[in-house]
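Each chain, written out:
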Amino acid sequence: MKGLKEYKGDKKYKKAYSIYKLVLLLLIVFSVVNICASDVRADMGAKPSVTIHVENAPQDFYLALLYLDEKYGTDKNSELKLDTVDDESVKAYLEDFEYNHWKFSKSPVGINIYEKQTDGEYYFGYSIPDRFRVILISQDGTVYLSEDLDPKEFDADVIYDVSAGTLTEHIEDRTLRHILYVAACFILTLAFELLVLLIFGYPFTKRNIISFLVINMITNIPFNTMLINTRASIPAILLWILAEIIITLTESIFYLIILRDADGRPRRGKSFAYGVVANIVSAVLGLVVLFVYALIFA
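Residues numbered from 1 in each chain as written. Predicted model: local features only at pLDDT ≥ 70, side-chain atom pairs only at ≥ 80, totals over all residues. Heavy atoms only, no water.

**Q** Even after reading the chapter, I still don't get the layout of surface pockets, so can you show me in this structure?
**A** Unfilled space is identified by rolling a water-sized probe across the atoms. When its volume is computed, the second largest pocket comes out at roughly 350 Å³. In this structure, the second largest pocket is lined by 24 residues; those nearest its centre are F223, L227, E244, S282 and A283. Going through the elements one at a time, α4 (175-199), α5 (206-228), α6 (234-258) and α7 (268-297) are the ones with two or more residues in the lining of the second largest pocket. Among the elements that make up the lining of the second largest pocket, the one with the highest residue count is α7 (eight residues). Class assignment for the residues of the lining of the second largest pocket results in 13 nonpolar, eight polar and three charged. (1 Å grid on protein atoms, 1.4 Å probe; cavity = no way out; pocket = protein on both sides within 12 Å on 5 of 7 lines; lining within 4 Å. Points joined across faces, edges and corners; volume = space filled by probe spheres on them. Helix = DSSP H or I, 4+ residues; strand = E, 2+ residues; numbered from the N terminus. Nonpolar A, V, L, I, M, F, W, Y, C, P; charged D, E, K, R; others polar.)

What follows is the structure, encoded as structure tokens:
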């Protein structure tokens, strides 16, 4: 049986170890960038939805959202009064509306202009301005404008007090939920990947188990922390896929170097294959946990 020094002198070992160090470096850089960008990303991008709860409003009215057009806005200020209030006149008024660079926000999907709802709730989805105001037009033609708000929540829940002109967001602390999600993913990943390790015929030696735990702590916890704190979008999905590929390569090369079979010898092809299979199982499991999390806390 070859000793560790003999393996370190092997050219294939050196090449594999060099690749491993490169991939691990990429993973570290990725993790650092993700941590540094997390606070910035929390307030970037259009919010998936906002629900407006209206209080102290006129008896009947129309309601819509406004966005700030800093690039193409003009000094024009629309009159905050309509002579005629019906569907057509309100739509025409909003289409031409501008007030201190604030304009009518139109989403290609969903409802853009609401009439008064019996439950007092008004849902806007798909394309929500980063920062918005609410415009309310009463049946007597009076136009009310709220203060502006930059919502923090993924699905913002906002109270609009018409008489005060204020927008108040209900912000829920989801830290505990996120910790539980990451912990659940980590524990389930350990359980299932250990099962795969057993299926591949590797013994539960001290070396194998400690190496297994260390690499999963380095990769699984940061990845799932990123996943639960990133808004779903095409760039985010591409980022997740890239991260999963990097993690799979990192773990597979790590196992190729570290894992030992029952006879104490490495099985490089088998170890690399284990890393790939284990990460596929882990990725599928993570999607299942994310789906369950979304169902419970939707």
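**Q** Before we go on, may I ask you to explain the side chain of N279 in this structure?
**A** Following the sequence through the fold, N279 ends up in helix α7. Polar contacts involving the side chain of N279 include one to the side chain of E251, which spans 3.0 Å. (Polar contact = N/O pair within 3.5 Å; in protein donor to acceptor, adjacent residues only side chain to side chain.)

**Q** Would you mind going over unusual backbone geometry with me for this structure?
**A** Across residues other than glycine, the phi torsion is negative in most instances, and most of the peptide bonds are trans. With a phi close to 50°, N100 is a non-glycine residue in the positive phi region. The topology assignment puts N100 in the loop between β3 (98-99) and β4 (102-104). Positive phi, normally seen in glycine, also occurs at H101, with a value near 75°. Tracing the sequence through the fold places H101 in the loop between β3 and β4. Of the residues examined, H101 reaches a relative accessible area of 28% and is grouped as partly exposed. (Buried < 20%, exposed > 50% of the residue type's maximum accessible area, 1.4 Å probe, protein only.)

Everything listed here is a matter of geometry and, on its own, says nothing about what the molecule does.
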